[in-house]
Amino acid sequence: MEPITLPASRPVPIHPGIPLLGNTLSFLQNPLGILTTLQQRYDRMVHLRIGGRHQYLVLQPDDAKHVMQENHRNYGRSPAFNVLKIFLGNGLLTSDGDFWRRQRRLAQPAFHRQRLAALAQTMVNETTDWIDELQRLNRRHPVNVSQAFMDVTMRIVCKTLFGSDTIGKLDGLSAALDTLQYQANQRMLSPIRFPMQWPTPAHVRFRKAGELVDSFIYGLINQRRRDGSDQQHDLLAMLQSAEDDDTGERMSDQQLRDECVTLFAAGHETTAVSMAWTLHLLTGHPDVLTRLQTEVKTVLGDTRTPPPDAFRSLPYTLQVVQESLRLYPPAWIMSRLALADDPIGPYTIPAGSTALVSPYLLHRDPASWPDPERFDPDRFGPAGGGDVRHSYAYLPFGGGPRLCIGNQFALMEMQILLALLVRSFTIESVPNQRVDTHPLITLRPKKSISVYLK
Ligand code: HEM
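Residues numbered from 1 in each chain as written. Predicted model: local features only at pLDDT ≥ 70, side-chain atom pairs only at ≥ 80, totals over all residues. Heavy atoms only, no water.

A. View of the overall build of the chain. Assigned secondary structure in the chain consists of 15 helices and twelve strands. Its C-alpha atoms give the chain a radius of gyration of 23 Å, near enough to 22 Å, the size a compact globule of 454 residues would have. In terms of principal-axis extent, the alpha carbons of the chain reach across some 75 × 55 × 50 Å. Here the chain, with 454 residues, has 52% of them falling under the buried criterion. Here the analysis covers contacts within the chain between residues at least 6 apart in sequence; of these, 75% occur between residues at least 24 apart. For the chain, the accessible surface area stands at approximately 21,200 Å², while carbon and sulfur atoms represent 54% of it. Taking the 48 positively charged and 45 negatively charged side chains of the chain as two groups, their mean positions are separated by 5 Å. (Helix = DSSP H or I, 4+ residues; strand = E, 2+ residues; numbered from the N terminus. Rg over C-alpha atoms; globule rule 2.2 N^0.38 Å. Buried < 20%, exposed > 50% of the residue type's maximum accessible area, 1.4 Å probe, protein only. Contact = heavy atoms within 4.5 Å. Areas by Shrake-Rupley, 256 points an atom, 1.4 Å probe, with all protein chains shown as cover. Lys, Arg positive; Asp, Glu negative; His and termini not counted. Charge placed at Lys NZ, Arg CZ, Asp CG, Glu CD.)

B. Quick peek at the site of the ligand. Taken together, 27 residues surround the ligand, and among them Trp 100, Arg 104, Arg 336, Arg 402 and Cys 404 come closest. Here an oxygen atom of the ligand and a side-chain polar atom of Arg 104 are 2.7 Å apart. In the model, an oxygen atom of the ligand is placed 2.8 Å from a nitrogen or oxygen of the Arg 402 side chain. Secondary-structure elements contributing two or more residues to the shell around the ligand are α5 (97-107), α11 (253-283), β5 (334-338) and α15 (407-424). Counting residues per element, the shell around the ligand draws most heavily on α11, which supplies five residues. (Near = heavy atom within 4 Å. Polar contact = N/O pair within 3.5 Å; in protein donor to acceptor, adjacent residues only side chain to side chain.)

C. The arrangement of the environment of Gln 39 in detail. Tracing the chain through its elements places Gln 39 in helix α2 (residues 31-41). As for Gln 39 and Gln 60, which are separated by 21 residues in sequence, their C-alpha atoms are 9.5 Å apart. Once residues lying within four places of it in the same chain are set aside, the contact partners of Gln 39 are Leu 59, Leu 361, Arg 364 and Asp 365. In terms of polar contacts, Gln 39 uses its side chain to reach the backbone carbonyl oxygen of Leu 361, at 3.0 Å.

D. Spotlight on the sheet that holds strand β8 (residues 354-357). As summarised here, the arrangement of the five strands in space is β1-β2-β8-β5-β3, forming an open sheet in which the pairing is mixed. Where the open sheet ends on each side, the last strands, each with one partner, are β1 (45-50) and β3 (75-77). With direction set aside, neighbouring strand axes in the sheet form an average angle of 40°. (Pairing = 2+ DSSP bridges. Axes fitted to C-alpha atoms, helices over the stretch in contact; angles between N-to-C directions.)

E. Geometry of the layout of surface pockets. Taken as a whole, the second largest pocket encloses approximately 400 Å³ of empty space. Lining the second largest pocket we find 17 residues, and of these Arg 113, Arg 312, Gln 408, Met 412 and Gln 415 sit closest to its centre. If you list the elements that add at least two residues to the lining of the second largest pocket, you get α6 (113-135), α13 (315-327) and α15. (1 Å grid on protein atoms, 1.4 Å probe; cavity = no way out; pocket = protein on both sides within 12 Å on 5 of 7 lines; lining within 4 Å. Points joined across faces, edges and corners; volume = space filled by probe spheres on them.)

F. The arrangement of helix α3 (residues 61-70) in detail. Along α3, the residues classified as buried are Pro 61, Asp 63, Ala 64, His 66, Val 67 and Met 68. Residues of α3 that are buried in the fold lie against β2 (53-58), β3, β5, β6 (342-344), β8 and α14 (359-362).

G. Spatial organisation of the packing of aromatic side chains. Under the defined criterion, the tally for this structure stands at nine aromatic pairs. Here Trp 369 and Phe 380 contribute two aromatic rings whose centre-to-centre distance is 5.8 Å and whose plane-to-plane angle is 40°, an arrangement assigned as tilted. Highlighted residues: Trp 369 in the loop between α14 and α15 and Phe 380 in the loop between α14 and α15, separated in sequence by eleven residues. Trp 369 gets classed as buried once you look at its relative accessible area, which sits at 0%. One aromatic cluster is present, formed by Trp 369, Phe 380 and Tyr 394 through successive ring pairs. A cation sits over an aromatic face here: Arg 364 above Tyr 328, 5.7 Å from the ring centre. (Phe/Tyr/Trp six-rings, centres within 6.5 Å; stacked < 30°, edge-to-face > 60°. Lys NZ or Arg CZ within 6 Å of the ring centre and 35° of its normal.)

Set out below in structure tokens:
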């Protein structure tokens, strides 16, 4: 019998770069620009050389699904996550394999639907207080909403994670987390990385910020342990008391610390950045803003703190949030390490290389999204074509087993923030404000976004 020979895989097209550095510089200078070019020039996959590594960008939703879901066992955390590990430790975002699976199992109940319903009340209360503060500001000055949303999402994540006893200490903590993220980002993108032990000014700042965050979180864990406060109903209490089904083990203090810092970091900046983009989009689309305000005022009325259930009846508000996450997905690119060769159609992603999936690109692919640059929340309405769209044409929260654990938390929080904000204010743009994208770990605006809240 003739041996079966599989057709040899075709070489993946290589995007031209420069000697030694490959595509690193152009990726550093204008990542979104280069992604758009790649989408126009290649149809399925393209081979890039970034930061001394071979990276394979998949361009079709079906192939993104293959990498993230269908063949996820072939993919681990990419080396990019090692930089995050320096400050997040071995938490849910950065860990891998059996250890990650166990941690995910332990943490998942904290994000259960019923559990989130209980957290919604905290979100509503915090947002209402925050809006009171905004109302006391001088209306003639624009409000830096990038900063304002960082503050409120930090308060929300802190209160839902750690309960009420922490709010006074948040100022230093927020700044320290910001320093950690900023420095990690610089390190991730920098072609030259000095060992962390070297006392460069950046490393010293990084270490001090890390110490502050650690002393805060360990202080809290120890206090809980001393008080025996199992009665607390926040996420920390849930994580502290979670027991592995098979072994009955609980998390160590180090593990609790890593999960808390991870939830802190992953859980506030993403939402804050996304909210700032949403307001920016609304200032350019007064028709959408009016429709949104009509829905919110009709459903919520004037009650100062509406019951959390009421926010479930705001379909258009959710559509606005979804469309904003389409145009500006905070996680604009995701990477995975290929553990073995992975044939995809006519190509193969080789073992040891990195697979890249870009929500930013998939969300702007004209094949899935007609007139992709247009902000149109009706895309997510009943007649918006959701039933025929590929499930991986839209993945602001990733997909497969590593789907964002906080996705429902984030959507609920964004709906509450947006609804209560547009109920109280009309939003207007600041004339001549230039708003550009600045893709760091998250897709931030280059400068803070300010708007008039009237
Ligand atoms: C708009 C807001 C958010 C966006 C766009 C977002 C996006 C994402 C994405 C794309 C991933 C997957 C990354 C990958 O597969 O490489 C992820 C993972 C994660 N997110 Fe979110 N996220 C948001 C809010 C939150 C919130 C509010 C929390 C927690 C309170 C959170 C906690 C996490 C954690 C712990 C992971 C790692 C999950 C795992 O690998 O098991 N995120 N997020």
